[in-house]
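The lines below spell out each chain.
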Amino acid sequence: MENSKNATQFDLQTDLSAESIIQLIKNDEVKKIHFGALHCHSEESLRDSGLPVKKLIDVAIEMGCPSVALTDHGVMMGVMEFMSYAKSINEKAGKKVINAIPGVEAYKDGKHIVLLGMDYEHGYKAIIKAVTESYKHINSSNGHPHMTDEIFQTYFGPGSKGHGYVIALSGCMSGVLCKILNSTILPSVTLLRLHIVY
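This is a predicted model, so every value here is computed, not measured.

Q: Can you lay out the nonpolar core for me, pointing to particular residues and giving the numbers?
A: Counting 34 residues, the largest nonpolar core has Ile57, Val68, Phe82, Leu115, Ile127, Met147 and Phe156 as the members making the most contacts within it. The set of elements that each furnish at least two residues to this core consists of strand E2 (36-40), helix H3 (53-62), strand E3 (67-70), helix H4 (79-93), strand E4 (99-108), strand E5 (111-117), helix H5 (120-134) and helix H6 (149-156). Residues contacting Leu115, with those up to four places away along its chain left out, are Pro102, Gly103, Val104, Ala106, Ile127, Met147, Phe152, Phe156, Val166, Ile167 and Ala168.

Okay, here's the thing in C-alpha cells:
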C-alpha cells in the first residue's frame, strides 16, 4: 500500500476482506469524504449478503455515509423495514442522520441494472410495480425476474409516473456497462485498484 498525504490506495486484488474495506472507510481522513453507498444488499439477496436491513443502516451511519440505498436482487421485500428504521433513527436524533434510498438490482437481458427511487410517491412506486411485473417474465436459464423493454417504457419512460423519479446505475461487474467493457476493454487489464482521494 502506497502512503500519501493526499490519497489512500487500496489494492483490491490482494485484500478484499470486508474487515479491511471497513477499516479503510473508517479512516478519519476518508470519513471527511461525503459519499453514499448506492448499491447495497441485505439478507434478501441470498447469494450476496447475509446482512439484516437494520444492520446495513447501522453500518452506513458508522462509516459516515449520509445516504444508503437498499438494492437487493430482483426483490424489494426489505424496503419497508429499511425506510421505517431510517425514519426512526432520524426522529430519535431530531435531524436527518441517514437518507434511506429505496431501490432494486434488476435484470435486463442477462445484465444487472440498479434502479433508485428519488422519492416515495413516484420513484419507489414505479420501481415496485416494475419489479412485480418482471416476475411475469422469469428467465428460464437462471430463474431471475426479467425487466422487458415494455416494462421500462411503461414505468420509467416519458409520460409514466416514474419518469424523472428513478435513477439507473450500471450496477456491478454483471451490469450493463461492465458487460460492454468486459467484452472489449477489460480483458487487457490485469490489476484493479481503488483510489480514494481526499
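Q: Go over the pattern of salt bridges, please, and point to the residues and values.
A: Taken as a whole, this structure holds 5 salt bridges when the rule is applied. Close ionic contact of Lys161 with Glu121 constitutes a salt bridge, the shortest N to O distance being 3.1 Å. Of this pair, Lys161 sits in the loop between H6 and strand E6 (166-169) while Glu121 sits in helix H5; the two residues are 40 residues apart in sequence, bridging distant segments of the chain. Look at Lys161 and you get partly exposed, because its relative accessible area is 41%. Glu133 serves as the salt-bridge partner of Lys136, at 3.4 Å between the closest nitrogen and oxygen.

Q: Explain the packing of aromatic side chains to me, using residue names and the numbers behind them.
A: The full count for this structure, using the stated rule, is 2 aromatic pairs. With a centroid separation of 5.0 Å and an interplanar angle of 15°, the aromatic rings of Tyr120 and Tyr124 are classed as stacked. Here the residue Tyr120 and the residue Tyr124 both occupy positions in helix H5, the gap between them amounting to 4 residues, near one helical turn. Since its relative accessible area comes to 9%, Tyr124 is described here as buried.

Q: Go over the sheet that holds E6 with me, naming the residues and quoting the values.
A: The mixed open sheet is built from 5 strands, whose spatial order is E2-E3-E4-E5-E6. The two strands at the open ends of the sheet, each matched to only one other strand, are E2 and E6. Adjacent strand axes in the sheet meet at a mean angle of 25°, parallel and antiparallel pairs treated alike. Pairing of E5 with E6, which is carried by 4 bridges, proceeds in the antiparallel orientation. Along E6, the bridge assignment pairs Leu115 with Ala168. H4 contacts E3 and E4 of the sheet and is inclined by roughly 160° relative to E4.

Q: Hey, could you go over the pairing of E3 for me, with residue numbers and the actual values?
A: Here E3 shows two buried faces, one formed by Ser67 and Ala69 and the other by Val68 and Leu70. Two strands pair when backbone bridges link them, and E2 and E3 are joined in this way by 3 bridges, in the parallel orientation. Each bridged residue has a counterpart across the sheet, and for Cys40 the counterpart in E3 is Leu70. Read from E2 through H3 to E3, the crossover connection turns out right-handed. In this sheet, E4 lies alongside E3 in parallel orientation, the contact comprising 4 bridges. Of the residues in E4, the one forming a bridge with Leu70 is Pro102.

Q: Summarise the state of the cysteines; cite the residues concerned and give the values.
A: The full count for this structure, using the stated rule, is 0 disulfides. Cys65 supplies the cysteine sulfur nearest to Cys40, a cysteine that is in no disulfide, at a spacing of 7.3 Å. A residue is classified by how much of its surface remains accessible, and Cys40, at 12% relative accessible area, is buried. On the accessibility criterion, Cys65 (2% relative accessible area) is buried.

Rules of the game
- Residues numbered from 1 in each chain as written.
- Predicted model: local features only at pLDDT ≥ 70, side-chain atom pairs only at ≥ 80, totals over all residues.
- Heavy atoms only, no water.
- Core = buried A, V, L, I, M, F, W, Y, C linked by side-chain atoms within 4.5 Å.
- Buried < 20%, exposed > 50% of the residue type's maximum accessible area, 1.4 Å probe, protein only.
- Helix = DSSP H or I, 4+ residues; strand = E, 2+ residues; numbered from the N terminus.
- Contact = heavy atoms within 4.5 Å.
- Salt bridge = Lys/Arg side-chain N within 4 Å of Asp/Glu carboxyl O.
- Phe/Tyr/Trp six-rings, centres within 6.5 Å; stacked < 30°, edge-to-face > 60°.
- Pairing = 2+ DSSP bridges.
- Axes fitted to C-alpha atoms, helices over the stretch in contact; angles between N-to-C directions.
- Right-handed = clockwise from strand over helix to strand, strands pointing away.
- Disulfide = S-S within 2.5 Å.

So, to be careful, I would describe these as geometric facts and stop short of saying anything about function.
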